[in-house]
Amino acid sequence: LVLDTLAAVNHPDLVVIANDLLGRDEVSAELRQHVAQVLGSLNRDESRTVLVTRLKTAPGTAALAMARGLAMSPAGAEALLQLVETGKSSPRLLQ
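Thresholds, definitions, all that
Residues numbered from 1 in each chain as written. Predicted model: local features only at pLDDT ≥ 70, side-chain atom pairs only at ≥ 80, totals over all residues. Heavy atoms only, no water. Helix = DSSP H or I, 4+ residues; strand = E, 2+ residues; numbered from the N terminus. Buried < 20%, exposed > 50% of the residue type's maximum accessible area, 1.4 Å probe, protein only. Lys, Arg positive; Asp, Glu negative; His and termini not counted. Salt bridge = Lys/Arg side-chain N within 4 Å of Asp/Glu carboxyl O. Polar contact = N/O pair within 3.5 Å; in protein donor to acceptor, adjacent residues only side chain to side chain. Contact = heavy atoms within 4.5 Å. Core = buried A, V, L, I, M, F, W, Y, C linked by side-chain atoms within 4.5 Å.

A. Highlighting the side chain of R32. Following the sequence through the fold, R32 ends up in helix 3 (residues 29-42). With no salt bridge to any partner, buried R32 finds its closest opposite charge in D25, at an N-O distance of 4.5 Å. At 3.4 Å, the side chain of R32 and the backbone oxygen of V27 are in polar contact. Every residue in contact with R32, bar those within four places of it in the chain, is listed here: L22, R24, D25, V27, A62 and A65.

Right, here's the structure in full:
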């Protein structure tokens, strides 16, 4: 997959491309999950920002994929907990 290749070479446009994919309605749940996983594995502020921003408005399975991406790092997990604590995300994501 192109995203994996971009991640492997630490391409500067990776987060922008991933954000674009997450914003497209026609992207499958499977691809959204993979994009969220790639972003979570980067463990960078900019990738966490994309996941947090997208999670706030994401429907069901997409929200779960983004929450899983955030949970891949301590900083991301903290951001996820803050979203739930402030009511900006469903507590069901933590189940």
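B. Quick look at the nonpolar core. Counting residues in each nonpolar core, the largest one holds 26 residues, and the members touching the most others are L22, L39, L51, L55 and M66. Elements that contribute at least two residues to this core include exactly helix 1 (2-8), helix 2 (14-22), helix 3, helix 4 (45-55), helix 5 (60-70) and helix 6 (74-85). In terms of residue count, helix 5 provides more of this core than any other element does, six residues in total. The residues contacting L22, other than those within four sequence positions of it, are R32, V35, L39, V50, L51, R54 and M66.

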